[in-house]
Structure formats: C-alpha cells, structure tokens
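# Architecture at a glance
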Amino acid sequence: QKEVEQNSGPLSVPEGAIASLNCTYSDRVSQSFFWYRQYSGKSPELIMSIYSNGDKEDGRFTAQLNKASQYVSLLIRDSQPSDSATYLCAVLISGYNKLIFGAGTRLAVHP
Amino acid sequence: DAGVIQSPRHEVTEMGQEVTLRCKPISGHNSLFWYRQTMMRGLELLIYFNNNVPIDDSGMPEDRFSAKMPNASFSTLKIQPSEPRDSAVYFCASSLAGTYTIYFGEGSWLTVV
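Figured I'd write up the structure that's included with this text. Remember, predicted model here, so these are calculated numbers, not experimental data. (Residues numbered from 1 in each chain as written. Chains lettered and ligands numbered in written order. Predicted model: local features only at pLDDT ≥ 70, side-chain atom pairs only at ≥ 80, totals over all residues. Heavy atoms only, no water.)

## Re the sheet that holds strand β3 (residues 19-25) of chain A
Residue and element names in this part refer to chain A. What the five strands build is an open sheet, ordered β1-β3-β8-β7-β6; its pairing is antiparallel. Every other strand in the sheet has two partners, leaving β1 (4-6) and β6 (54-58) as the edge strands with one partner each. Mean inter-strand twist for the sheet, computed between neighbouring axes without regard to direction, equals 20°. Inspection of the sheet shows strand β7 (residues 61-66) paired to strand β8 (residues 71-76) by six bridges, in the antiparallel sense. Paired with F61 across the two strands is I76, which belongs to β8. (Pairing = 2+ DSSP bridges. Helix = DSSP H or I, 4+ residues; strand = E, 2+ residues; numbered from the N terminus. Axes fitted to C-alpha atoms, helices over the stretch in contact; angles between N-to-C directions.)

The following block contains the structure:
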C-alpha cells in the first residue's frame, strides 16, 4: 500500500463548479497534511496546510481532514480555468520529519 | 527574497556520464530536500539534510546516486554513471526545521540518452 494515495484523474469540472480532490494516507499517527498545486512544467507550490480534524478555509479553498478515516480532501469553490493543474497531497510521516507526496490529481476546469 | 535556486535547469547527457545537480536553499533555511519526479513514480523523496547533516537517504535509488551539503548554502546531487532511467525532474526544496512548509526550486530537467 502506498503511503499517500490519490486518484490520478483527470477530474474535469465546468467553470464555476466545486472541484473536490481526495487523498488517503496509511500512517495512522501523522499529524500534518498539505496540499500543493503544480502547473505543467513548474514546481509544486503550497496552497493549504491542515493539522486538526475538520475544515480549514482560505479564500476559495477548503481543506478537510478526518484522521479517523485517514482522509484529506481539498475543495475548490467557483473553479476557474486558472485552477487547472495537478494537485498533490502531502503527508508528514511522524517520527521521520519527511514529507511524502501522493501521485497527484490532474484537474481540468473548462469554460 | 530569492527562492531555492537550482542549476542546471536543463541537462541532456549521454549514458555513463557523470551528472551533478546543484542547489542553493533559501537563506536561513536549515532543512534541505532532494526530490525526483517522473510520470510513473510521481514525486519521490531521495534524501534530506538538517543543518547540513544527511538525516534520511533511504530514498536514494542506488549507489550511483550521492548527495552532499558542505555548507548551509549549497548542496549537490551527483549521479555517476548516469542511465536513461535516471531521466526525470530533480527538485531541491528547503524549509526551516520544524515548520514543515517546504519551498521548491524550479527543478533540474535531466535527460539521459
């Protein structure tokens, strides 16, 4: 089992819709979770971090964490074509201080 | 502020040649990470340093790969000899130890033919 799993997509949504990106992880004691966005040909950039169960909102982005289910999600409201990118879920592996990434989900927002 | 700086940005080399990738972390950051990204395997952590000391190199694929960090502002990742399967984007990233927010460089795109 991979440490961090994501559906590779592509996830296609119309402009203005809500995009929902999901991630599961295997390390039951992980405490820190991150979402990175990567445009084609560019490096990953951090968009959200979440450490506690529940929701965390930042503008159009909401990260959701459920530690009991080992599940992290990212919601993008009012999706824009500029949101089209690959979204990488990352989990800090407890005790090792290393950030492990999922394979990423490619999001395509069409006008 | 300058971000993480990597060089070269692109390199094409022949199989068997030595490849050296370079990284300058963000000033003041004391953790440095080398990642490799391919379509097949995604973003893999190769090695990371805290305060110039290698902490975990379990992701280094084989003995052909080596990494050094002689000082707080410079690190190298060396592949010798290189093979076509080493073709990938190699990212260097840095962070303040304990913050867990890492910042990536623009990557070194390596093609081994």
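## So, the interface of chain A and chain B
Of the residues lining the interface, 17 residues belong to chain A; the matching set on chain B comes to 18 residues. When chain A packs against chain B, the two sides together hide about 1500 Å² of surface, and 56% of this comes from carbon and sulfur. The largest per-residue losses of area from chain A upon contact with chain B belong to N97(A), K98(A) and F101(A), which jointly make up 31% of the total buried on that side. Inspection of the chain A/chain B interface yields one salt bridge. In this assembly, chain A and chain B are joined by six residue pairs in polar contact (both at pLDDT 80 or more). For the side of chain A that touches chain B, the secondary structure elements donating two or more residues are β4 (33-38), β9 (85-93) and β10 (98-101) of chain A. (Contact = heavy atoms within 4.5 Å. Buried area = accessible area lost by both parts, 1.4 Å probe. Salt bridge = Lys/Arg side-chain N within 4 Å of Asp/Glu carboxyl O. Polar contact = N/O pair within 3.5 Å; in protein donor to acceptor, adjacent residues only side chain to side chain.)

## A short note on the side chain of T105(A)
Residue and element names in this part refer to chain A. By secondary structure assignment, the location of T105 is in strand β11 (residues 105-110). Since its relative accessible area comes to 5%, T105 is described here as buried. Here N7 takes part through its backbone oxygen, which lies 2.4 Å from a polar atom of the side chain of T105. In this structure T105 touches Q6, N7, S8, G9, L11, L21, A85, T86 and Y87, once residues within four positions along its chain are discounted. (Buried < 20%, exposed > 50% of the residue type's maximum accessible area, 1.4 Å probe, protein only.)

## Some details on unusual backbone geometry
Here the residue pair G9(A) and P10(A) is connected by a cis peptide bond, since its omega of 10° sits within 30 degrees of zero. Cis rather than trans, the peptide bond between S7(B) and P8(B) has omega equal to -10°. Positionally, P8(B) belongs in the loop between β1 (5-7) and β2 (10-13). Its identity as a non-glycine residue notwithstanding, N51(B) has a phi of 50°, on the positive side. Phi angles above zero are rare outside glycine, and N52(B) is one such case at about 75°. Along the chain, N52(B) turns up in the loop between β5 (42-50) and β6 (53-56).

## Description of the sheet that holds strand β7 (residues 65-71) of chain B
All names here are of chain B. Reading across from one edge, β1-β3-β8-β7 is the order of the four strands in this open sheet, with antiparallel pairing throughout. Unpaired on one side and paired on the other, β1 and β7 mark the two borders of the sheet. Sheet twist, expressed as the mean angle between neighbouring strand axes with direction ignored, is 15°. Pairing geometry for strand β3 (residues 19-24) and strand β8 (residues 74-79), over five bridges, is antiparallel. Bridge pairing links V19 to I79 in β8.

## With respect to the nonpolar core
In this structure, W35(A), V72(A), L74(A), I76(A) and Y87(A) are the most contacted members of the largest nonpolar core, which totals 25 residues. Mapped onto this core, the elements with two or more residues apiece are β3, β4, β5 (45-50), β7, β8, β9 and β11 of chain A. Top element by residues in this core is β9(A). It accounts for five residues. Discounting chain neighbours no more than four positions away, the residues touching V72(A) are L21(A), N22(A), C23(A), Y25(A), F33(A), W35(A), I50(A), Q64(A) and L65(A). Of all hydrophobic cores here, the second largest spans 21 residues; its members include V19(B), C23(B), L46(B) and A67(B). (Core = buried A, V, L, I, M, F, W, Y, C linked by side-chain atoms within 4.5 Å.)

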